[in-house]
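The residues making up each chain are set out below.
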Amino acid sequence: MRKLMLFFFINMISFFSVSSAETMRMQLIHRHSAEMAGNPKTQLQRLRELLHRDITRHSQKLTARRMAWERNVSSEMAMRSGADDGTAEYFVAIKVGTPAQKFLLIADTGSDLTWMNCNRERRRLAQQSTRRRRRRRRRVFHADRSSSFKSVPCSSDMCKIGLMNMFSLTQCPTPISPCAYDYSYTDGSSALGSFANETVTVGLTNGRKKRLHNILIGCTQSSKGQSLQVADGVMGLGYSNYSFTVQASRKFEHKFSYCLVDHLSPKNVSGHLTFGSTNKSFTHTMQFTDLILDVISPLYAVNIVGISLNDIILKIPFEVWDINGGGGTILDSGTSLTFLTLPAYQSVMTALKSSLLGFKKLDLNIGPLEYCFNSTGFNESVVPRLRFHFTGGARLEPPVKSYIIDAADGVKCLGFVSAAFPGTSVIGNIMQQNHLWEFNLAKRKLGFARSTCVN
């Protein structure tokens with residue numbers, strides 16, 4: 001199963017340009033933006049909802065891993081926070097087909113299939129798209145109106161072998177019938193449809209447009225799960241041969257990056273998703289560590305060697321970070337909070353709680369968040385500075401607001417969730433905020449640097 005990695009959503013609104021080293025950039029739109037208008041929720045309601053999704057996602061991810069053990073111009077898209085609409089998801093706007101049709105997709109680094117709501121037959125499309133627009137204002141891809149739409153035959157080796165890990169089905173009524181899928185996510189959501197190759201139009205940082213041909217997409221006829229009902233589909237940014245990330249990065253130096261603005265940012269503030277080289281202004285500030293691929297596929301894993309508070313390394317067993325020994329850590333833009341397996345969680349929480357004894361502890365009944373407090377008079381200076389230490393000497397020092405998080409007016413919580421050990425720790429998207437993250441797939445390196453993420 002795949003996890004629906006987005007408690008944040010990306011709205012890829014493309015800018016486009018061409019040069020000797022092309023860069024593609026898309027806007028990451030937070031779920032609370034004007035494009036994603038919905039019923040307003042309080043901050044506490046949003047936090048409870050995030051926790052519910054995080055717990056479901058993380059538990060299913062661990063199950064999937066246990067099963068695995070047993071068996072220079074670039075393109076850029078803008079990203080905005082969706083907090084006001086009740087989730088931590090990001091969306092990206094993308095154009096598919098010839099002529100191009102525009103869709104708003106969930107950006108998910110924890111899955112590898114890019115799909116949109118789709119109907120292959122004109123009459124059925126008219127009936128269902130009207131009904132869906134009335135319910136959720138979701139767009140539907142008109143496959144019959146695209147001259148570049150090419151189904152993947154169910155009799156092909158690509159269907160029977162290449163797409164097996166993307167939940168291709170064995171049914172094949174005729175040799176030329178479309179290759180079908182029943183794609184499952186770890187939060188219990190799923191999408192049912194068929195594979196096709198299509199043309200995707202992207203924007204480049206110099207203002208021009210570029211067409212990416214023969215990109216694998218999913219034409220989804222039906223989907224279930226609340227997390228899938230807020231967008232037109234999903235952009236799978238995980239690592240696999242047919243993910244959008246891998247296919248697009250081949251055209252852009254085998255690199256992609258994203259920058260997530262604060263999840264409580266105003267609606268008009270957005271981050272971005274970029275394919276190709278990052279801004280040269282980060283050259284001297286970016287730190288690098290190893291990027292571990294193909295071990296917890298399609299997820300992106302990293303090697304942590306320790307956690308410190310005020311430069312004091314906490315006593316955490318090495319096994320917690322050993323990806324080959326039942327531990328390990330992934331970077332997940334679809335999980336909001338940060339999960340630490342029990343030995344690491346206990347060490348971090350004990351040290352942080354001791355700095356907050358002057359504030360009244362509160363019982364808010366918000367699931368696995370263990371420690372919340374009355375933040376009247378709170379000042380960040382009382383909290384020790386947290387650092388994650390990676391192989392190669394890289395150190396991530398998130399702002400205090402990324403681990404002492406706002407829960408309601410006058411209320412803050414320690415933003416960590418306990419996970420079972422053996423198991424995987426997760427650096428969630430709130431901990432990643434206000435940093436640029438660059439994934440060099442060819443060199444298998446992860447770079448990061450402080451950034452406001454504002455264009």
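For clarity, every value in this text was computed on a predicted model and none was experimentally measured.

The rules behind these values
- Residues numbered from 1 in each chain as written.
- Predicted model: local features only at pLDDT ≥ 70, side-chain atom pairs only at ≥ 80, totals over all residues.
- Heavy atoms only, no water.
- Pairing = 2+ DSSP bridges.
- Helix = DSSP H or I, 4+ residues; strand = E, 2+ residues; numbered from the N terminus.
- Buried < 20%, exposed > 50% of the residue type's maximum accessible area, 1.4 Å probe, protein only.
- Polar contact = N/O pair within 3.5 Å; in protein donor to acceptor, adjacent residues only side chain to side chain.
- Phe/Tyr/Trp six-rings, centres within 6.5 Å; stacked < 30°, edge-to-face > 60°.
- Disulfide = S-S within 2.5 Å.
- Core = buried A, V, L, I, M, F, W, Y, C linked by side-chain atoms within 4.5 Å.
- Contact = heavy atoms within 4.5 Å.
- Salt bridge = Lys/Arg side-chain N within 4 Å of Asp/Glu carboxyl O.
- Expected span 1.5 Å × (residues − 1).
- pLDDT = per-residue confidence, 0-100.

**Observations concerning the sheet that holds strand β24 (residues 404-408)**
Read across the sheet, four strands follow the order β20-β21-β25-β24 without closing on themselves; strand pairing throughout is antiparallel. The sheet is open, and its two edges are formed by β20 (361-362) and β24, each paired on a single side. Summarising the sheet, β24 and strand β25 (residues 411-414) pair through four bridges and their orientation is antiparallel. Across the sheet, residue A408 finds its bridge partner in β25, namely V411.

**Re the sheet that holds strand β17 (residues 312-313)**
As summarised here, the arrangement of the four strands in space is β17-β16-β22-β23, forming an open sheet in which the pairing is antiparallel. Here the strands that pair on one side only, and so sit at the sheet edges, are β17 and β23 (395-396). Here five bridges tie strand β16 (residues 304-309) to strand β22 (residues 386-390), and the two strands are oriented antiparallel to one another. Across the sheet, L309 pairs through a bridge with L386, a residue of β22.

**Remarks on the side chain of D108**
Residue position: D108 is located in strand β4 (residues 101-108). The class for D108 is buried, based on a relative accessible area of 0%. There is a polar contact of 2.9 Å between the side chain of D108 and the backbone nitrogen of G110.

**Observations regarding the packing of aromatic side chains**
By the definition in use, this model includes 17 aromatic pairs. Centre to centre, the rings of F141 and F149 are 6.1 Å apart; their planes meet at 45°, and the pair counts as tilted. Owing to a relative accessible area of 0%, F141 belongs among the buried residues under this scheme. The class for F149 is buried, based on a relative accessible area of 16%. On the basis of an interplanar angle of 55° and a centroid distance of 5.6 Å, the ring pair of F390 and F448 is categorised as tilted. Here F390 is found in strand β22, whereas its partner F448 is found in strand β29 (residues 445-450), with 58 residues between them in sequence.

**Let's talk about the state of the cysteines**
Applying the stated criterion to the full structure yields five disulfides. Between the sulfur of C118 and that of C219 lies a disulfide, 1.8 Å long from S to S. Negative torsions about the S-S bond denote left-handed disulfides, and the value of about -70° found for C118 with C219 makes this one left-handed. On the criterion of sequence distance, the pair formed by C118 in strand β5 (residues 115-119) and C219 in strand β10 (residues 209-224) is long-range, its members being 101 residues apart. On the basis of relative accessibility, which here comes to 0%, the residue C118 falls in the buried class. Judged by its relative accessible area of 0%, C219 falls in the buried class. Across the disulfide from C154 sits C172; the S-S distance is 2.0 Å. Of note, the bridge from C154 to C172 carries an S-S torsion of about 70° and is right-handed in sense. Of the two residues, C154 is situated in the loop between β7 (150-151) and α3 (157-162) and C172 in the loop between α3 and β8 (180-184); the sequence distance between them amounts to 18 residues. On the basis of relative accessible area, C154 is assigned to the buried category, the value being 3%.

**So, the nonpolar core**
Core analysis: the biggest nonpolar cluster contains 83 residues, and M24, F244, F416 and F439 have the highest contact counts within it. Ranked by residue count, the leading element in this core is helix α5 (residues 342-354), at five residues. Those residues in contact with F416 that sit more than four places away from it in its chain are T338, L340, Y345, V348, M349, L352, P368, L369, L386, Y403 and M431.

**A word on the side chain of S156**
By secondary structure assignment, the location of S156 is in the loop between β7 and α3. At 2.7 Å, the side chain of S156 and the backbone oxygen of P153 are in polar contact.

**Observations concerning the pattern of salt bridges**
By the definition in use, this model includes eight salt bridges. Here K445 makes a salt bridge to D290, at a shortest N to O gap of 2.7 Å. Pair noted here: K445 is in strand β29 and D290 is in strand β14 (residues 287-292), with a separation of 155 residues, a long-range link. Judged by its relative accessible area of 33%, K445 falls in the partly exposed class. Note on D290: relative accessible area 30%, which makes it partly exposed. We note a salt bridge from R444 to D294, for which the minimum N-O separation is 3.2 Å.

**Description of α5**
A rise of 1.5 Å per residue sets the reference length of α5, with its 13 residues, at 18 Å; its end C-alpha atoms lie 18 Å apart and thus fit the reference within 8%. Along α5, the residues that are buried comprise A344, Y345, S347, V348, M349 and L352. Buried positions along α5 lie against β16, β19 (338-341), β25 and β26 (416-419).

**Quick look at the confidence of the model for the chain**
Counting all residues, the mean pLDDT for the chain is 83, and 79% of those residues have values of 70 or more. Residue range residues 80-88 is modelled with pLDDT below 50. Its contacts to residues more than four positions away, or to other chains, number 67 contacts. In this model, residues 123-136 is a region of pLDDT below 50 whose contacts with residues beyond four sequence positions or in other chains number 19 contacts.

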